[in-house]
Amino acid sequence: MPDQSTDLRETVRRRYAAAAVKVTEGSTACCGPEPVEIDENFGSALYAADERDTLPAEALAASLGCGNPTAVAELHEGDRVLDLGSGGGIDVLLSARRVGPTGKAYGLDMTEEMLSLALANAAKAGATNVEFLKGTIEAIPLPADTIDVVISNCVINLSTDKAAVFTETFRVLKPGGRLGVSDVIADDSLTPEQRAERGDHVGCIAGALSFSEYRQDLAAAGFTDVEITPTHGVADGMHSAIVRATKPTAVAVAEGTEATKSADACCGVNACCTPAETSTDPAVTVADAKAASGCGCQN
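In short, a report on the structure.

About the cut-offs
- Residues numbered from 1 in each chain as written.
- Predicted model: local features only at pLDDT ≥ 70, side-chain atom pairs only at ≥ 80, totals over all residues.
- Heavy atoms only, no water.
- Helix = DSSP H or I, 4+ residues; strand = E, 2+ residues; numbered from the N terminus.
- Buried < 20%, exposed > 50% of the residue type's maximum accessible area, 1.4 Å probe, protein only.
- Contact = heavy atoms within 4.5 Å.
- Areas by Shrake-Rupley, 256 points an atom, 1.4 Å probe, with all protein chains shown as cover.
- Core = buried A, V, L, I, M, F, W, Y, C linked by side-chain atoms within 4.5 Å.

We now examine the overall build of the chain. Helix and strand counts for the chain stand at 9 helices and 9 strands. Of all 299 residues assigned to the chain, the portion counted as buried reaches 50%. For the chain, long-range pairs separated by at least 24 residues make up 66% of all intrachain contacts whose partners lie at least 6 apart in sequence. When the accessible surface of the chain is split by element, carbon and sulfur atoms take 52% of a total near 13,200 Å².

What follows concerns the nonpolar core. By size, the foremost hydrophobic cluster in this structure holds 31 residues, and its most contacted members are Leu-82, Tyr-214, Leu-218 and Phe-223. Elements with a minimum of two residues in this core: strand S1 (80–84), strand S2 (104–109), strand S4 (147–153), helix H6 (162–172), strand S5 (173–186), helix H8 (211–221), strand S6 (224–235) and strand S7 (238–246). Apart from the residues lying within four places of it in its own chain, the contact partners of Tyr-214 are Ile-156, Phe-166, Val-181, Asp-183, Ile-185, Leu-209, Ile-228 and Val-243. By size, the runner-up hydrophobic cluster in this structure holds 9 residues, among which are Val-92, Ala-96, Ala-122 and Val-130.

You can see Val-149 is positioned in strand S4. Overall, the relative accessible area of 0% leaves Val-149 in the buried class. When the C-alpha positions of Val-149 and Glu-74 are compared, they lie 8.6 Å apart, and in sequence the two are 75 residues distant. When residues no more than four places from it in sequence are discounted, the contact partners of Val-149 are Ala-73, Leu-75, Asp-79, Arg-80, Val-81, Leu-82, Leu-173 and Arg-178.

Written as structure tokens, this is what we have:
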């Protein structure tokens, strides 16, 4: 018998699948796609006009987020970016423009209908440095230490296992990598029951963490320099907020052991000479990376 978390995930999947279908079917109508019904606290209106003008109408219509994470993620030319819960692809496409042809933007979504819509939007936008992956944000299908920046737009609150999301995000980020997300967060004074009174889980309200819970969960995953900045209210005591955090450049292998060196400090290998070592280039094996760099620690 399915547990509550499985039921909630399926409810979320159905809601976003229906949103994608609505946009896709609307794009074949005479007047183009209609935005998914949502209030003024969510959607493409939270993006600047010059950003909206560069995107396919279908990407804008499918936008269901509570902010604009690409505006605060400090993306640089050549960065590898991962968008958790990428939906119709709006943040992936904006990120792809910012990181340029030497960078790459990944989108991760569990909904087939949204992935199909995102691929169509990428083709319309002429984006060649993007890749969309099917999977859940609790089990990211990417190698460790391969992403420079993780973004997300009002999706983490939908997860039924947020600790897993933060642990997985920390895993795929390179040492020194950055988290920059928009999410719905509750005042510390609100109980889970009070949050549920203000809106349902699929509407990004009932499942929201409080400010202190968010900080604690990020710290437990290993993140430092956590900053949470509310931007606007979405319900009584509930806020859209910008969350920033950093994966330290030196991460302890285990309690009481010396921290590993940063990714660029040893042999082209992250966590060099530890059980967690991985190549900084996913296309190159650890052994080949060490051999090419002339590394002395070949074990």
